[in-house]
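Chain residues, written in single-letter form:
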Amino acid sequence: MDMDVLRRRLSCEEINDMPLFHYEGPVQVIRTLEDWKNALPDLRSADLLGFDTETRPSFRKGRRNFPALIQLATANAVYLVQLAFLPFGPHVVEVLANPDQVKAGVGIRDDMRDLARLHDFEPAGLVDLGGVARAHKLPSQGLRTLAANFFGWRISKGSQCSNWSLMELTPRQIAYAATDAWIGRLIFLRMCEMGLIPSCRSVCEDVPCNDALAAGSAV
């Protein structure tokens, strides 16, 4: 991919004309410690995790709710941790504080600060995809615009302001949340392939980006 193409600012109309992408692979909703323990072998063995959080929107000025959902994407599945049922604590911190494991997402440091309000910890292995884009003077720095620029896909934002504290997440919420974590992982891999994150090239060599695309589809 030509860097000149990535440096072109896409209009909203251009992005809206792109095919809609969504993740179609396995998703596991985690509500109990037993669920988390079952997910740990896959999470621990991953060199790279796509990461995101969702927060119940607040309609009061100056009020910010705590994160309600953590999304973690491996090469095999996406795990959605419902914090209303499995409170954030040392079990998840084990993964997020591991310096030998890359966690990639947009605005990831802000997400980690919000999580630290729930349980104090020191995150490690973070790669802010927006920060990488800024370092290379790319106009696209949000998840939606990065997906459009790097893959020619449109990512739905329709469920962004929904109630993430629900006991039963809707199929639409699950698809939305899983896609955000998965696309973050794909963008990281594509950036590695292009040499935008040279220190992480070994991760990309282990998981070629074209192979990683198989769990999603654009329609």
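Please refer to the structure placed before this passage.
Reading the values: rules and limits
- Residues numbered from 1 in each chain as written.
- Predicted model: local features only at pLDDT ≥ 70, side-chain atom pairs only at ≥ 80, totals over all residues.
- Heavy atoms only, no water.
- Axes fitted to C-alpha atoms, helices over the stretch in contact; angles between N-to-C directions.
- Helix = DSSP H or I, 4+ residues; strand = E, 2+ residues; numbered from the N terminus.
- Parallel < 35°, antiparallel > 145°, perpendicular 65-115°, else oblique.
- Left-handed = near helix turned anticlockwise from the far one by under 90°.
- Contact = heavy atoms within 4.5 Å.
- Nonpolar A, V, L, I, M, F, W, Y, C, P; charged D, E, K, R; others polar.
- Pairing = 2+ DSSP bridges.
- Salt bridge = Lys/Arg side-chain N within 4 Å of Asp/Glu carboxyl O.
- Buried < 20%, exposed > 50% of the residue type's maximum accessible area, 1.4 Å probe, protein only.
- Phe/Tyr/Trp six-rings, centres within 6.5 Å; stacked < 30°, edge-to-face > 60°.
- Lys NZ or Arg CZ within 6 Å of the ring centre and 35° of its normal.
- Core = buried A, V, L, I, M, F, W, Y, C linked by side-chain atoms within 4.5 Å.
- Expected span 1.5 Å × (residues − 1).

Visitor: Which parts of the structure should I look at to understand the packing of helix α7 (residues 143–151) against helix α8 (residues 171–193)?
Guide: Any two packed helices are characterised by the angle at which their axes cross and by the distance between the axes. Contact pair α7 / α8: the axes reach a minimum separation of 10 Å and the direction vectors enclose 50°. In this view, α7 runs oblique relative to α8, as classed from their interaxial angle. For the element pair α7 and α8, the recorded crossing hand is left-handed. Contacts from Leu 143, Leu 146, Ala 147, Phe 150 and Phe 151 of α7 reach α8 at Asp 180, Ile 183, Gly 184, Leu 186, Ile 187, Arg 190 and Met 191. For the contact of α7 with α8, the per-class residue count stands at nine nonpolar, one polar and two charged.

Visitor: Could you clarify how one ought to interpret the sheet that holds strand β7 (residues 126–128) in this entry?
Guide: Remark on secondary structure: sheet strands pair via backbone hydrogen bonds, oriented parallel or antiparallel. Across the sheet, six strands lie side by side as β2-β5-β4-β3-β6-β7; this open sheet has mixed pairing. Sheet topology places β2 (27–30) and β7 at the edges, where each strand pairs with a single neighbour. Pairwise comparison of adjacent strand axes, ignoring direction, gives a mean angle of 25° for this sheet. Packed onto the sheet, α8 meets β2, β3 (48–55), β4 (67–73), β5 (78–82), β6 (102–105) and β7 and runs at close to 140° relative to β3.

Visitor: So what exactly am I meant to see when it comes to the pattern of salt bridges here?
Guide: It is possible for side chains bearing opposite charge to pair when their charged atoms get close. One pass over the full model with this rule turns up five salt bridges. Put simply, Arg 113 and Asp 110 hold a salt bridge, and the shortest N to O gap is 2.1 Å. Linking Arg 113 with Asp 110, this pair stays in helix α5 (residues 108–116), spanning three residues, or about one helical turn. Where Glu 193 meets Arg 190, a salt bridge forms, and the shortest distance between an N and an O atom there is 3.4 Å. Of this pair, Glu 193 and Arg 190 are both found in helix α8, three residues apart, which corresponds to roughly one turn of the helix. Of the residues examined, Glu 193 reaches a relative accessible area of 35% and is grouped as partly exposed.

Visitor: Explanation requested: the packing of aromatic side chains in the structure shown.
Guide: Two numbers describe a pair of aromatic rings. These are the distance of the centres and the angle of the planes. Considering all chains together, one arrives at five aromatic pairs under this definition. Measuring from centroid to centroid gives 5.8 Å for Trp 164 and Tyr 176, while their planes differ by 35°, and the two rings are tilted. Taken as a pair, Trp 164 in the loop between β8 (154–155) and α8 and Tyr 176 in helix α8 lie far apart in primary sequence, 12 residues in all. Per residue, the accessibility class of Trp 164 equals that of Tyr 176, and both read buried. Chaining the aromatic ring pairs together yields one cluster made of Phe 21, Phe 151 and Trp 153. It is Arg 31 that lies over the ring of Phe 85; its NZ or CZ is 5.4 Å from the centre.

Visitor: Explain the nonpolar core to me, please; I cannot follow it from the model alone.
Guide: Soluble, globular proteins show a tendency: their nonpolar side chains are buried together. With 38 residues, the main nonpolar core has Val 78, Leu 129, Ile 183, Ile 187, Phe 188, Met 191 and Ile 197 as its most contacted residues. Going through the elements one at a time, β1 (20–23), β4, β5, β6, α6 (129–135), α7 and α8 are the ones with two or more residues in this core. Ranked by the residues each element gives to this core, the list is headed by α8, at 12 residues. If we skip the residues at most four places from it in the chain, Ile 187 touches Leu 129, Leu 143, Leu 146, Ala 147 and Phe 151. Membership of the second largest hydrophobic core comes to 25 residues, among which are Leu 72, Leu 83, Val 92 and Ile 108.

Visitor: Hey, could you run me through unusual backbone geometry in this one?
Guide: With glycine set apart, most residues show a phi of negative sign, and most peptide bonds adopt trans. A positive phi angle, near 60°, is found at Lys 137, a position not held by glycine. By the element assignment, Lys 137 lies in the loop between α6 and α7.

Visitor: Is there a simple way to explain α8 in this structure?
Guide: Think of an α-helix as turning once every 3.6 residues; residues three or four places apart then point the same way. Here α8 contains 23 residues, and its C-alpha end-to-end distance of 33 Å stays within 8% of the 33 Å for a straight helix at 1.5 Å per residue. Counted residue by residue, α8 has 18 buried out of 23 residues, so it is predominantly covered. At the C-terminal side of α8, Gly 195 shows a positive phi close to 80°.

Visitor: Sorry, what's going on with the side chain of Thr 53 here?
Guide: Note on placement: Thr 53 falls in strand β3. With near-sequence residues (within four places) excluded, Thr 53 lies in contact with Pro 67, Leu 69, Ile 70, Gln 71, Asp 111 and Leu 115.

Visitor: Would you explain the pairing of β6 in this entry?
Guide: Successive residues of a regular strand alternate their side chains across the two faces of the sheet. Taking every second residue as pointing to the same face, both faces of β6 are buried, with Val 102 and Ala 104 on one and Lys 103 and Gly 105 on the other. Alignment of β3 against β6, held across three bridges, turns out to be parallel. Bridging from a neighbouring strand, Leu 49 pairs with Lys 103 of β6. Where β6 meets β7, three bridges bridge the pair, whose relative direction is parallel. Looking at the pairing, Lys 103 lines up with Leu 126 of β7.

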